[in-house]
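Tertiary structure, described
What follows is each chain in one-letter form.
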Amino acid sequence: MTAKFTARAPAKINLTLHVTGQRDDGYHLLDSLVVFAEDCADALSFTPDERLSIAVTGPFADGIPTDDRNLIWKAAQAAGWTGTIHLEKNLPHGGGLGGGSSDAGAALRAFGHPDQTAALSLGADVPVCLLGRAARMTGIGERVAPAALPDGLWAVLVNPGIPLPTPHVFARVTRKTNPPMTPAPATTDLAGWLDWLRSQRNDLEAAAIQLNPSIQDVLSAIKATDHIELARMSGSGSTCFGLYTDKTHAEAACATLRRGRPDWWCELTAIR
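Heads up: these notes are all about the structure in this document. (Residues numbered from 1 in each chain as written. Predicted model: local features only at pLDDT ≥ 70, side-chain atom pairs only at ≥ 80, totals over all residues. Heavy atoms only, no water.)

Time to look at unusual backbone geometry. Leave glycine aside and you will find that most residues have negative phi; peptide bonds, for their part, are mostly trans. In this structure, Ser-238 follows Gly-237 across a cis peptide bond, with omega equal to 10°. Relative to the helices and strands, Ser-238 resides in the loop between β9 (230–233) and β10 (240–244). For His-227, which is not glycine, the phi dihedral falls at a positive 65°. (Helix = DSSP H or I, 4+ residues; strand = E, 2+ residues; numbered from the N terminus.)

Right under this line is the structure:
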């Protein structure tokens, strides 16, 4: 590639996250239904050059490394690409939205380097972020299978502004061997699918709330909105989501949450 090109790194949302075990090397085994936000994303641009560099702007630019600690940098090295990378950081980091992993997955896609082994070497969430659409993620993240979603789902994402390091949350989980997800409905009937989703879990939620009690406030506020179908934490937190089956209801819920807590990050999105 010799011309400038761009990519979007959408927010990753764990609709479920079951911790099913832990390997001897410390890696946790997961069973998670992962979806991606259509309307909330980091933005990347790539200008080929002889030297690799990263510049970061955007509302959440503070604290983002611009050297080889950055997963985008590592993705570029894995793909053998050099040049200037500009990252517009629109997603809160330490927020359970896959930030750096989604950036790395988007970069690998943009480089035309869809290598799942290379993706896993960058982090457990990178393979599913490389796929970039609804999937069931199992093992330590190395097994990714596309999943079907019902039409008509909207999400409101809410973050209270307190980052949560993923290792700290996992360290607080007292039970590491839990049941996997039950089989999803064979059809994408919305009502039945939502009933199934409500019966699943995020096994990190209680541990995250211990570290950041404001997550409970976020969940309570989402649950109090009209027409809410499900409120749950995403990933290791601290972002939570509410699901709605009508865009108008989701827009109203987002507006209500923004009025009530203007200090929270709150965004509306379709999911895929």
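Now that the structure has been shown, we can carry on.
On to the nonpolar core. Counting 36 residues, the largest nonpolar core has Val-128, Val-156, Val-158, Leu-204, Ile-215, Ile-222 and Cys-240 as its most contacted members. Those residues within four positions of Leu-204 in sequence are excluded, and the remaining contacts are Leu-17, Val-19, Val-169, Phe-170, Val-173, Met-233, Gly-235 and Ser-236. Of all hydrophobic cores here, the second largest spans 28 residues; its members include Ala-9, Trp-81, Ile-85 and Leu-87. (Core = buried A, V, L, I, M, F, W, Y, C linked by side-chain atoms within 4.5 Å. Buried < 20%, exposed > 50% of the residue type's maximum accessible area, 1.4 Å probe, protein only. Contact = heavy atoms within 4.5 Å.)

Before going further, it helps to spend a moment on helix α8 (residues 214–223). What α8 keeps buried is the set Ser-214, Ile-215, Val-218, Leu-219 and Ile-222. Angularly, the buried residues of α8 cover 150° about the axis, an arc narrow enough to put them on a single face. Tucked inside the fold, the buried residues of α8 contact β8 (154–159), α7 (205–211), β9, β10 and α9 (247–260). (Arc of directions from axis to C-beta.)

The subject of this paragraph is the side chain of Asp-203. Its location among the elements puts Asp-203 in the loop between α6 (190–198) and α7. Among the polar contacts made by the side chain of Asp-203, one reaches the main-chain amide nitrogen of Val-19 at a distance of 2.8 Å. Separated by 2.7 Å, the side chains of Asp-203 and Arg-201 make a polar contact. Those residues in contact with Asp-203, other than ones at most four positions away along the chain, are Leu-17, His-18, Val-19, Val-173 and Asn-178. (Polar contact = N/O pair within 3.5 Å; in protein donor to acceptor, adjacent residues only side chain to side chain.)

To continue, consider the sheet that holds β8. With antiparallel pairing, four strands are arranged side by side in an open sheet as β9-β10-β8-β11. The open sheet terminates on both sides in strands that have one partner only, identified here as β9 and β11 (265–270). Neighbour-to-neighbour, the strand axes of the sheet open up by a mean angle of 20°, direction not taken into account. Summarising the sheet, β8 and β10 pair through five bridges and their orientation is antiparallel. Looking across to β10, one finds that Val-156 is bridged to Gly-242. Against the sheet, α6 touches β9 and β10, its axis set at about 40° to β9. (Pairing = 2+ DSSP bridges. Axes fitted to C-alpha atoms, helices over the stretch in contact; angles between N-to-C directions.)

By volume, the largest pocket is sized at about 950 Å³. Contributing elements (two or more residues each) for the lining of the largest pocket: β1 (5–14), β3 (28–48), α1 (71–79), α2 (99–110) and α5 (166–172). Among the elements that line the lining of the largest pocket, the one with the most residues is α2, at four residues. Tallied by class, residues from the lining of the largest pocket come to 19 nonpolar, 16 polar and five charged. If you add up the space inside the second largest pocket, you get close to 190 Å³. Leu-33, Ala-147, Ala-148, Ala-184 and Trp-193 are the residues nearest the centre of the second largest pocket, which is lined by 15 residues in total. Elements that contribute at least two residues to the lining of the second largest pocket include exactly β7 (143–146) and α6. Looking at side-chain class alone, the lining of the second largest pocket contains 11 nonpolar, three polar and one charged residues. (1 Å grid on protein atoms, 1.4 Å probe; cavity = no way out; pocket = protein on both sides within 12 Å on 5 of 7 lines; lining within 4 Å. Points joined across faces, edges and corners; volume = space filled by probe spheres on them. Nonpolar A, V, L, I, M, F, W, Y, C, P; charged D, E, K, R; others polar.)

On to the packing of aromatic side chains. Ring pairs (aromatic) are described by centroid distance and by the angle formed between their planes. Tallying each qualifying case throughout the model produces seven aromatic pairs. Taking the centre distance of 5.8 Å and the plane angle of 85° together, the rings of Phe-46 and Trp-81 count as edge-to-face. With Phe-46 in strand β3 and Trp-81 in the loop between α1 and β5 (83–88), this pair connects stretches of sequence that are 35 residues apart. Judged by centre distance (5.1 Å) and plane angle (25°), the ring pair of Trp-81 and Phe-111 falls under stacked. Here Trp-81 is found in the loop between α1 and β5, whereas its partner Phe-111 is found in the loop between α2 and α3 (116–122), with 30 residues between them in sequence. Pair check on accessibility: Trp-81 and Phe-111 agree, each one buried. (Phe/Tyr/Trp six-rings, centres within 6.5 Å; stacked < 30°, edge-to-face > 60°.)

Residue placement: Leu-120 occurs in helix α3. Ignoring any residue separated from it by four or fewer positions in sequence, one finds Leu-120 in contact with Pro-127, Ile-140, Gly-141 and Glu-142.

Let us now look at the environment of Ala-43. Tracing the chain through its elements places Ala-43 in strand β3. The residues touching Ala-43, leaving out its near neighbours within four places in the chain, are Ala-7, His-86, Leu-87, Glu-88 and Asn-90.

As paired strands, strand β2 (residues 18–22) and β3 are joined by four bridges and run antiparallel to one another. The residue of β3 that forms the bridge with His-18 is Asp-31.

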